Amino acid sequence: MLRRVRPLGGDPVDVLLADGVVAAWRPPGSTGPDSEGLPAGTAILDTDGLIMLPGLVDLHTHLREPGREDAETVESGTRAAALGGYTTVFAMANTNPVADTAGVVEQVWRLGLDAGHCDVRPVGAVTVGLAGERLAELGAMATSAAEVRVFSDDGHCVSDALLMRRALEYVRAFDGVIAQHAEEPRLTAGAQMNEGVVAARLGLPGWPAVAEEAIIARDALLAGHVGSRLHVCHVSTAGSVELIRWAKAKGWQVTAEVTPHHLLLTDDLVSSYDPVFKVNPPLRTAEDVAALRAGLADGTIDCVATDHAPHALEDKETEWAAARPGMLGLETALSVVMETMVIPGHLDWAGVADRMALAPARIGGLPQPAAQRWSSIAVGAPATVTLLDPSPWRVVEADTLASRSRNTPYAGRSLPGAIRATFLRGRPTVLDGKVV
Ligand SMILES: NC(=O)N[C@@H](CC(=O)O)C(=O)O
Ligand SMILES: [Zn+2]
């Protein structure tokens, strides 16, 4: 298969995609290769003005299958992912049954293959049943067909320090990583939103920044001590950014992600009592948002991860205290990163490529060539790419999303950019903004 695209940040080039790799490219101003000599039936996309990025990689997606197929399935979640420009998603382990055995991770992996919208890399649970008591079969998941490299009890914190140490030690053998949901559970018991002036005004119990920061500090020390890889999920406070900067300066193998919603939204939205704004960790303050943006810009925070967390209507459209935490993210992530990082000048497109594709691929241990450096278009490079039109603004409508759930915090909001096409190893998964 051969496709011709004409992209890359500003300077237009023609790129021929054949059999999953870049077959040829023509820099601006030069001639050939052109449409002469192309086989009959070659698709030529009108890609003027589009930006080509490496296929996006999400380290933190909740696909809800098995167990809550009413909220999302592997098929619907990966369809949403492809429409958002993603070519790989890491599927979190808090399913029912929990993904804590080789059998469950292989099931999720196979469902991803069957759906075919993007690569699905299952995350394995750290502890049996996410209960925080006994290590799960990490080795068996690593050596399974799903080749698990990322382990997380996400939704729950591995709060026992000795278990966390053992998990970090265990995954060193296969260069795995422990992705921690950093939340000291005793400090957040009963919490409903960020602890601060808005919580005080609304009279809601607060989730203090220190509950996140205390675990990050402890786990960074543990990762340094045992020489293993720690990844911090959904960093949400200015203090956490400082701690990760400190851990990196020590030379420890600590990486971190930030969600699009923590880059854009703040806790004053909770004043509406609309549960669509309920999320874990909670939306924080404008000062936190500024620190997160700066941390992502300078590389202290390695990557953006969506924490796409679909929930059925009955779990979301209820009173604030009863609603489940979590927000949709896959179909809006690149637009939110554009609004919060690119338009204000914190990141250029090469930076976006790094924070949304290359860095998460590296952290997740993706096999080559998906994690290959993408400094320029090179013949022979994998054609796993996303084409973004940066010019339109669109109003987000919950009902038009591909996700089975409707809990987007951006409904009614205008966001920049639109994904025009996504290619997975040369095969289009999205063309003209529609799933192929
Ligand atoms: N982020 C959330 O608020 N919810 C996530 C769990 C998680 O990522 O912690 C979920 O599974 O719904
Ligand atoms: Zn989490």
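Here the residue numbering is sequential within each chain, running from 1 through the sequence in written order. Ligands are numbered from 1 and chains lettered from A, in the order in which they are written. Owing to the predicted nature of the model, reporting of local features is limited to residues with pLDDT of at least 70; listing and counting of side-chain atom pairs is limited to 80 or more, with chain, interface and lining totals taken over all residues.

Considerations on the overall build of the protein
Phase 1: Helix and strand definitions here come from DSSP, where helices need a minimum of 4 consecutive H or I residues and strands a minimum of 2 consecutive E residues; each element is numbered from the N-terminal end. Summing up its helical and strand segments, the protein has 13 helices and 19 strands in all.
Phase 2: Here the protein holds 436 residues, and 55% of them are scored as buried.
Phase 3: Taking the contacts inside the protein whose residues are at least 6 apart along the sequence as the reference set, 73% of them involve residues at least 24 apart. With C-beta atoms placed from the backbone, a residue is labelled by how many other C-beta atoms lie within 10 Å of its own: buried for 20 or more, exposed for 12 or fewer, partly exposed between the two. Two residues qualify as being in contact provided that their C-beta atoms, derived from the backbone, are within 7 Å of each other.

What about the UniProt feature "active site" (unreviewed entry) in the protein?
Phase 1: Under the UniProt annotation, "active site" (unreviewed entry) lies at D307.
Phase 2: You can see D307 is positioned in the loop between β15 (303–304) and α11 (313–316).
Phase 3: Its 31 C-beta neighbours within 10 Å are what place D307 among the buried residues.
Phase 4: Once residues within four sequence positions are removed from consideration, D307 is found in contact with H60, H234, T259 and G329. UniProt positions are given in the numbering used here, feature names are shortened, and annotations may be inferred rather than shown by experiment.

Details of the nonpolar core
Soluble, globular proteins show a tendency: their nonpolar side chains are buried together.
Phase 1: We define the nonpolar core as any set of buried residues of the types Ala, Val, Leu, Ile, Met, Phe, Trp, Tyr and Cys, connected via C-beta atoms lying within 7 Å of each other. In this structure, V123, F151 and I244 are the most contacted members of the largest nonpolar core, which totals 123 residues.
Phase 2: Tallying contributions element by element places helix α13 (residues 349–363) first for this core, with eight residues.
Phase 3: These domain limits were set by an automatic method or by a database of domain assignments. In this structure, this core is formed jointly by two domains, domain 1 (2–51 + 377–435) and domain 2 (54–375), each of which donates at least three residues.

A look at the sheet that holds strand β7 (residues 86–91)
Phase 1: In short, DSSP must find at least two bridges between two strands for them to pair. The strand order across the open sheet built from three strands is β6-β7-β8, with neighbouring strands paired in parallel fashion. Each edge of the open sheet is held by one strand with a lone partner, namely β6 (56–61) and β8 (119–122). Strand-to-strand twist of the sheet, defined as the mean angle between neighbouring strand axes without regard to direction, takes the value 20 degrees.
Phase 2: As paired elements, β6 and β7 share four bridges and run parallel to each other. Across the sheet, the residue bridging to D58 is V89, located in β7. The axes used here are C-alpha line fits, helices contributing only the stretch in contact, and every angle between their N-to-C directions lies in the interval 0 to 180 degrees.

With respect to the UniProt feature "binding site: Zn(2+) 2" (unreviewed entry) in the protein
Phase 1: In this numbering, the UniProt entry assigns the feature "binding site: Zn(2+) 2" (unreviewed entry) to D154, H181 and H234. Considering the C-alpha atoms alone, the annotated residues occupy 81 residues of sequence yet fold into one spot, their largest mutual distance being 10.0 Å.
Phase 2: Relative to the assigned elements, D154 resides in the loop between β9 (150–151) and α4 (161–171).
Phase 3: Apart from residues lying up to four places away in sequence, D154 is in contact with M92, A93, N94, A179, H181 and C233.
Phase 4: Excluding residues within four positions of it along the chain, H181 makes contact with S152, D153, D154, G155, H156, C157 and C233.

Examining unusual backbone geometry
Phase 1: E65 connects to P66 through a cis peptide bond whose omega is 5 degrees.
Phase 2: Structurally, P66 can be placed in the loop between β6 and α1 (74–83).
Phase 3: Here N96 and P97 are connected by a cis peptide whose omega angle stands at 0 degrees.
Phase 4: Its location among the elements puts P97 in the loop between β7 and α2 (102–115).

Concerning α13
Phase 1: Here, expected helix span is obtained from the residue count minus one, scaled by 1.5 Å. Taking 1.5 Å of rise per residue, 15 residues should cover 21 Å, and α13 covers 20 Å from first to last C-alpha, within 8% of that figure.
Phase 2: Of all 15 residues in α13, eleven are buried; the element is thus mostly enclosed.
Phase 3: Along α13, the positions that sit buried rather than exposed are V352, A353, D354, R355, M356, A357, L358, A359, P360, A361 and I363.
Phase 4: Positioned one or two residues after α13, G365 has a phi angle of 70 degrees, which is positive.

Description of the domain arrangement of the protein
Phase 1: Segmenting the protein into domains produces domain 1 (2–51 + 377–435) and domain 2 (54–375).
Phase 2: If you list the elements that add at least two residues to the side of domain 1 that touches domain 2, you get β16 (385–395), β17 (414–424) and β18 (427–431).
Phase 3: For the side of domain 1 that touches domain 2, the element with the most residues is β17, which contributes six residues.
Phase 4: Each residue is assigned to one class: nonpolar for Ala, Val, Leu, Ile, Met, Phe, Trp, Tyr, Cys and Pro, charged for Asp, Glu, Lys and Arg, and polar for all the others, Gly among them. Taken together, the residues of the side of domain 1 that touches domain 2 sort by class into 17 nonpolar, ten polar and two charged.

Notes on the site of ligand 1
Phase 1: Inspection of the region around ligand 1 gives H62, N94, D154, G155, H181, V279, N280, D307, A309, R324, P325 and G326 as its neighbouring residues.
Phase 2: Among the residues forming the shell around ligand 1, the class breakdown is three nonpolar, six polar and three charged. Placing the C-beta atom from the backbone, one calls a residue near a molecule or strand if that atom lies within 6 Å of it.

Some remarks on the confidence of the model for the protein
Phase 1: Along the chain, pLDDT gives the predictor's confidence residue by residue, from 0 to 100. Of the residues in the protein, 86% reach a pLDDT of 70 or more, and the chain-wide mean stands at 91.
Phase 2: Scored below 50 in pLDDT, residues 369–376 shows 15 contacts in the model against residues more than four places distant or in partner chains.
Phase 3: Here the predicted complex carries an ipTM of 0.99, next to a pTM of 0.94.

Points about the packing of α1 against α2
Phase 1: The contact between α1 and α2 brings their axes to 9 Å, and the two run at 60 degrees. Considering their axes alone, α1 and α2 lie oblique with respect to each other. Read as a crossing pair, α1 and α2 show a hand that is right-handed. Every residue of α2 that contacts α1 at V74, E75 and T78 is listed here: V108, L111, G112 and A115.
Phase 2: Looking at the contact of α1 with α2 residue by residue, the class counts come to four nonpolar, two polar and one charged. Working rule for angles: under 35 degrees goes down as roughly parallel, over 145 as roughly antiparallel, 65 to 115 as roughly perpendicular, anything else as oblique. By definition, any crossing whose near helix is turned counterclockwise from its far helix by less than a right angle is left-handed, and any crossing with a clockwise turn is right-handed.

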